[in-house]
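What follows is each chain in one-letter form.
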Amino acid sequence: MEDQKESLRKITTTLALKNEEITNFICCQKQSLENLEVNSSRVQEDLETEFSSLHSVLDDIKDSMVTRIKQERASRTYELQSQLSACSKALESSEELLEVANQTLCSSEADDFTQVTSSVTMAPAFRLSLKAKATDSMSHMMVDFTQEREMLQTIKFLPVPATPEILVSECQVCDNTVTVQWALPETDSKIDHYDLEHRRTNHEGPPRAREDYPWMVVEGICETEYTLTGLRFDTHYMTFRVKACNKAVAGEFSELVTLETHAFLFKLDAGSAHQNLKVEDLSVEWDSCGGKVVQDIRKDKNRTNQSPMHSPARTAMNSPKRVPSARVGRDRFTAESYTVLGDTFIDAGQQYWEVRFDKESKAFAVGLALRNLGRFDQLGKSNASWCIHLNNWLQQSLTAKHNNKARTLDCPIPDRIGVYCNYEEGALSFYNARTKTLMHTFRTKFTQPVIPAFSVWNGCFSVQTGLQVPSAVQSSQRKNSGTSSSNTSLT
């Protein structure tokens, strides 16, 4: 008995679920019927509007052409009537002169002959042109709408646009821009525009169930190519797809195309930063009170207005804004080495990043360091680091430093410096990031991985990563490769 009840319960549950599915399906179908009515009315109204517009255009053209015919008829009528009037008057005058001449011929008076001869000679008929000033032909106003009728007979509903194909061989990734080109299988004059979508990703191939980044949309593209500019390549790839749209409907998206967006990406290692440096993401600011907090002070009536900043209860401890070091065991820089390192080593390839700094900083340095750079070492003061150093203490100077040797650089001080490293070639170059003018190049041989390094005193700076090596920098490196100049390494 219990088994039969359990079996009935299962069947009842299954039927109830099925009924729920049917109910949902019925609701969907009813909604579809309502949508069908609405959409049908809308497209019918659009169709009537388009035909009314077409009729209006044809009526306007007809009215214009009828007006031209009427104007042409009026002009020719005037010319013909004017010429007819002149001929009628000349004929009437000639008939009168002929009658006078015949009477004179019957006369015997000599004076009459001379006077009549003169009048006949000056008859208007002799000065009259008998060439018609206008013709009665209107053949130049004839029309033939055979082609137009054939064209009108081809009117039909707009087809769904074909699916474009992204031309991978024509796509370019350069200078943190991406140019995407595509084409349709065949020309379609009805295409109004294209919509391009792109998404950053860290894997090749089709999208996964859960992606880290959403699709970004660029709408209304009128050409079959588009260039995305000002990008920051903080992922390894970018995926693209495009669809064609006419004024009624959009086609299917193209097959996904994934382009590699190689760039050097790193963050600042807050755990390595001197305690007087406030590190927030990729920005650093000098803080003369860094690393210290105020202990709780019990307030009473006599100490209400006393500032805790001047309290003797201040003790040294880690700033609450510090984040743990990305590399376990890295000692924080201290003493007068106001330094912070990147969190990613360079052990191969060509890399590029930029740093914007306050030119009023008392001191600022940017460059590379070995992983064994001492916690007391200032950048450029040992053989474990190379840098460009700005000094605003007493007088302003810009120098290239390595192994405690310095060379003064004779160039304007920019507010943004680009750093280029070619690990295999042992080249470390510094550029004016705005003009891409070479400031200095160290040439050495890297025997172990190096890491971006920065230093600031009484100032601030921010770093931009995820950048490709600019074309201008690559061209400069090829031009200056192997040359000997004032921009060579320090010895």
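Residues numbered from 1 in each chain as written. Predicted model: local features only at pLDDT ≥ 70, side-chain atom pairs only at ≥ 80, totals over all residues. Heavy atoms only, no water.

Examining the overall build of the protein
On a plain count of helices and strands, the protein comes out with 4 helices and 24 strands. Residue burial in the protein is summarised as follows: out of 491 residues, 33% are buried. The long-range share in the protein, meaning contacts at least 24 apart out of those at least 6 apart in sequence, stands at 68%. About 31,900 Å² of surface is accessible on the protein, with carbon and sulfur atoms providing 51% of the total. (Helix = DSSP H or I, 4+ residues; strand = E, 2+ residues; numbered from the N terminus. Buried < 20%, exposed > 50% of the residue type's maximum accessible area, 1.4 Å probe, protein only. Contact = heavy atoms within 4.5 Å. Areas by Shrake-Rupley, 256 points an atom, 1.4 Å probe, with all protein chains shown as cover.)

Focus on the sheet that holds strand E7 (residues 237-245)
Reading across from one edge, E5-E4-E7-E8 is the order of the 4 strands in this open sheet, with antiparallel pairing throughout. Bordering the open sheet on either side are strand E5 (216-221) and strand E8 (257-260), each of which pairs with just one other strand. For this sheet the average axis-to-axis angle between neighbouring strands, irrespective of direction, equals 25°. As defined by bridge partners, E7 adjoins E8 across 4 bridges and the pair is classed as antiparallel. Bridge pairing in E8 links threonine 239 to threonine 258. (Pairing = 2+ DSSP bridges. Axes fitted to C-alpha atoms, helices over the stretch in contact; angles between N-to-C directions.)

Let's talk about the side chain of serine 476
With respect to the helices and strands, the residue serine 476 is situated in helix H4 (residues 471-480). Setting aside chain neighbours within four positions, we find serine 476 in contact with Tyr431 and Leu438.

Topic: the environment of aspartate 188
With respect to the helices, strands and loops of the structure, aspartate 188 is situated in the loop between strand E3 (177-183) and strand E4 (193-201). A sequence separation of 27 residues divides aspartate 188 from proline 161, and the C-alpha atoms of the two residues are 7.8 Å apart. Here lysine 190 takes part through its backbone nitrogen, which lies 2.9 Å from a polar atom of the side chain of aspartate 188. (Polar contact = N/O pair within 3.5 Å; in protein donor to acceptor, adjacent residues only side chain to side chain.)

Examining a nonpolar patch on the surface
A grouping of Leu47, Phe51, Val57, Leu58, Ile61, Met65, Val143, Phe145, Leu152, Ile155 and Phe157 is seen on the molecular surface, where their side chains present a nonpolar patch of about 980 Å² in accessible area. Per element, the largest residue contribution to the nonpolar patch is 6 residues, and it comes from helix H1 (residues 2-105). Among the secondary structure elements, phenylalanine 51 is positioned in helix H1. When its relative accessible area of 36% is taken as the criterion, phenylalanine 51 is described as partly exposed. (Patch = residues over 30% accessible without salt bridge, like charges linked within 9 Å, V, L, I, M, F, W, Y side chains within 5 Å. Salt bridge = Lys/Arg side-chain N within 4 Å of Asp/Glu carboxyl O.)

Observations regarding the pattern of salt bridges
What the rule picks out here adds up to 9 salt bridges. Notably, a salt bridge pairs arginine 9 with glutamate 6, separated by 3.4 Å at the nearest N-O pair. Placement of the pair is arginine 9 and glutamate 6 together in helix H1, with a separation of 3 residues, close to one helical turn. For arginine 9, a relative accessible area of 46% translates into the label partly exposed. Of the charged contacts in the structure, one is a salt bridge between aspartate 234 and arginine 200, with a shortest N-O distance of 2.7 Å. Of this pair, aspartate 234 sits in the loop between strand E6 (225-228) and E7 while arginine 200 sits in strand E4, and the two are 34 residues apart along the sequence. If you follow the salt bridges from partner to partner, you end up with Arg200, Arg232 and Asp234 in one network.

Brief notes about the sheet that holds strand E9 (residues 268-269)
Two pairing modes exist for strands in a sheet, parallel and antiparallel, and in both the strands are linked by backbone hydrogen bonds. Pairing within the open sheet is antiparallel, and its 7 strands lie in the order E9-E14-E23-E16-E17-E18-E19. Looking along the sheet, the strands with just one partner apiece sit at the ends: E9 and strand E19 (405-408). Bridging between E9 and strand E14 (residues 339-342) involves 2 bridges; their strand directions are antiparallel. Bridge assignment links aspartate 269 to a residue of E14, and that residue is leucine 341.

Remarks on H1
With 104 residues, H1 ought to run about 154 Å at 1.5 Å a step, and its terminal C-alpha atoms sit 151 Å apart, in line with that. Looking only at H1, the buried set comprises Arg76, Gln83, Ala90, Ser94, Leu97, Ala101 and Thr104. (Expected span 1.5 Å × (residues − 1).)

A look at the pairing of strand E15 (residues 350-357)
Here E15 lies mainly inside the structure; 6 of its 8 residues are buried. Where E15 meets strand E24 (residues 460-464), 4 bridges bridge the pair, whose relative direction is antiparallel. Across the sheet, arginine 356 pairs through a bridge with serine 462, a residue of E24.

Quick word on H4
Where H4 is concerned, the buried positions are Val473, Ser476 and Gln477. All buried residues of H4 fall inside an arc of 100° around its axis, so they share one side. Counted as exposed and oriented over 90 degrees from the buried face of H4: Arg478 and Lys479. Tucked inside the fold, the buried residues of H4 contact E15, strand E20 (416-422), strand E21 (427-432) and strand E22 (437-443). (Arc of directions from axis to C-beta.)

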